[in-house]
Amino acid sequence: MNADNILRVHQSLKVMREPNQKVWDDCLFSYLPEMQNTGTTKIQGEQGQPLDLIGMNSLTKLSAGIFSNTVSMGDEFFGFKTNDPGLNKNESVKRFFSKAAEIVLKQMQSSNYMLSTYEAITYYCALNTAVQYVEYNNEDGLVFNNFPITGCSIAQDHLGKVNTLYREFKMSAAQAVGRWGERCSKEVVAAYESEQTRYQEFEFVHAVMPREERDTKKIDNENMPFASYYVDIANKHICEESGYTSFPYAVPRFFKVGSEPYGRGPSFTCLPTFREICDLRSDISDGVKLLLQPPVFMPGTSGEDDIDLSPGAINFYNPADGKPIFYTPTIDIERSRDYLMTLKDDIKDAFFVDVFKMLDDLKNMTATEVNERMAEKIQQIVPVVSRLYEEFFSVMITRCFELLLDAEKITDVPEELVGTDYKVEYTTKLDNRLKSLEIGQVLKTFQEIMVVAEALLAEPDLRNFFDIDKVYDIIAQGNNVDVDLVREEVERSKLRKAEAEAKQKQQEADQLASSMKPIDAQQANAPGSILNKMEEANA
């Protein structure tokens, strides 16, 4: 693939990305003003900052909540297993995966993973699409980098997974020559050789995509499954061509709509509300100033067009008594503030601010009420976190595993795993809470079924009125009990039949035992009985 073709695809993907650019810029102004681009918007204050901090605060709480409940670098928060349950029980496979998870975690702990991941989750919540890159070198180990989606163009495969990414960036001539040397374009080399232009910046693009044509028998960079090109845009020159064994970027999307490759989420939804909040804050500020510094009408002459009702303004009029008059505005500041708080609550709800927040009244609630409240909160965020697991954590951890395998940091792969797919499973705080909720749901189901059982003992005729199995099924479904924990109707029938047969046999045995009279050793044998005849013969 030559530079012209790469740049044509790049331009095509940029055109497809363009409709999102304005929304992303507004999101940066609203939620991450320190990362904003140059320019102005309606939600921007005089100093280039938003007029209200509710967007920043809500974003921070959501990002911190997701991060603290999904990443736990002090403990192993992930592991590996195959899709084959039988293979997962193999001792050598279990030992290998356990050791591999330990090595991956230690490498991540000694890298910039924590900082990079928090930044990625922040971008994920603010722009609804994040981009994280990981590579390995012998000097630094694992190295993670984040790139705002505002400078990236993506495409996805038929399954909706991102497998193509073009990332734009700038480098000075000195940086480019330091990385690629004489492989740079002659224009970049010439700029480097002059002290006046050595630090002149040039635009580049890093393009990663599935390699269409390759020799699978070769294992060099130019024949790996994913192609990588670094291209000098202005000079249409390829500075580096290489490849990856797996896609090196993780691109999580908050929500996806149809075939659209870029994410959607609450930060987009809340922009109109945030604009209204900023407008209202500006109006309230003007109203307070007007109350503190009302305009005054002084004796004098002026035209109707000269009237100014701004705070502290001085107007002139023709009075009869010659006294100054202060304008008294009729502004309901409190009602405006109440409405402002309503709008802010809408932002907080959309950003799940209360999902990870400790409930103040837990000590005044029963255990059942606590489980119900916790379930209600956690289930709101589960769809969001599930996509984060699938498109971010799984991709990054799997990529780290493969990089460390290639670097021979992970060795001794069991023969059973050769050519076998594997997956990442998690044991994060959120997963532990979900498991505790599942336990609570099962216990709650038991309690409710016991109530039914007691009612049946008190009134057996209820069995003739209700289908008890269906009642139990409804109770289990109502408590969201995992269907795998509930036996199927056919299996229940077999178990009940076996129990009935065992009970019948026990009853027959009991009847037989009760019909047999015990032998009294002190009582004389009946005349003519076998025992009596044996006794007479021995005599």
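Since the model is a prediction, treat every value here as computed from it, not as a measurement. (Residues numbered from 1 in each chain as written. Predicted model: local features only at pLDDT ≥ 70, side-chain atom pairs only at ≥ 80, totals over all residues. Heavy atoms only, no water.)

**As for the sheet that holds strand β6 (residues 201-210)**
Link 1 in the chain: With respect to topology, five strands assemble into an open sheet ordered β4-β5-β6-β7-β8, the strand pairing being antiparallel. The sheet terminates laterally at β4 (152-156) and β8 (237-244), the two strands that pair on one side only. Ignoring strand direction, the axes of neighbouring strands in this sheet form an average angle of 15°.
Link 2 in the chain: As paired elements, strand β7 (residues 226-232) and β8 share seven bridges and run antiparallel to each other. Residue pairing across strands places Val231 opposite Ile238, the latter belonging to β8.
Link 3 in the chain: The strands touched by helix α1 (residues 3-31) are β4, β5 (162-172), β6, β7 and β8; relative to β5, the strand with the most contacts, the crossing angle is about 105°. (Pairing = 2+ DSSP bridges. Helix = DSSP H or I, 4+ residues; strand = E, 2+ residues; numbered from the N terminus. Axes fitted to C-alpha atoms, helices over the stretch in contact; angles between N-to-C directions. Contact = heavy atoms within 4.5 Å.)

**Observations concerning the pattern of salt bridges**
Link 1 in the chain: The tally for this structure, following the rule as stated, stands at 19 salt bridges.
Link 2 in the chain: Between Arg335 and Asp332 there is a salt bridge; the shortest N-O distance is 3.6 Å.
Link 3 in the chain: Judged by its relative accessible area of 62%, Arg335 falls in the exposed class.
Link 4 in the chain: One salt bridge in this structure joins Arg492 and Asp473, with 3.6 Å as the shortest N-O distance. Here Arg492, found in helix α15 (residues 489-515), pairs with Asp473, found in helix α14 (residues 468-478); they are 19 residues apart in sequence, far enough to count as distant.
Link 5 in the chain: For Asp473, a relative accessible area of 22% gives the class partly exposed.
Link 6 in the chain: Beyond isolated ion pairs, a larger network of salt bridges with shared partners links Asp469, Asp473, Arg492 and Arg496. (Salt bridge = Lys/Arg side-chain N within 4 Å of Asp/Glu carboxyl O. Buried < 20%, exposed > 50% of the residue type's maximum accessible area, 1.4 Å probe, protein only.)

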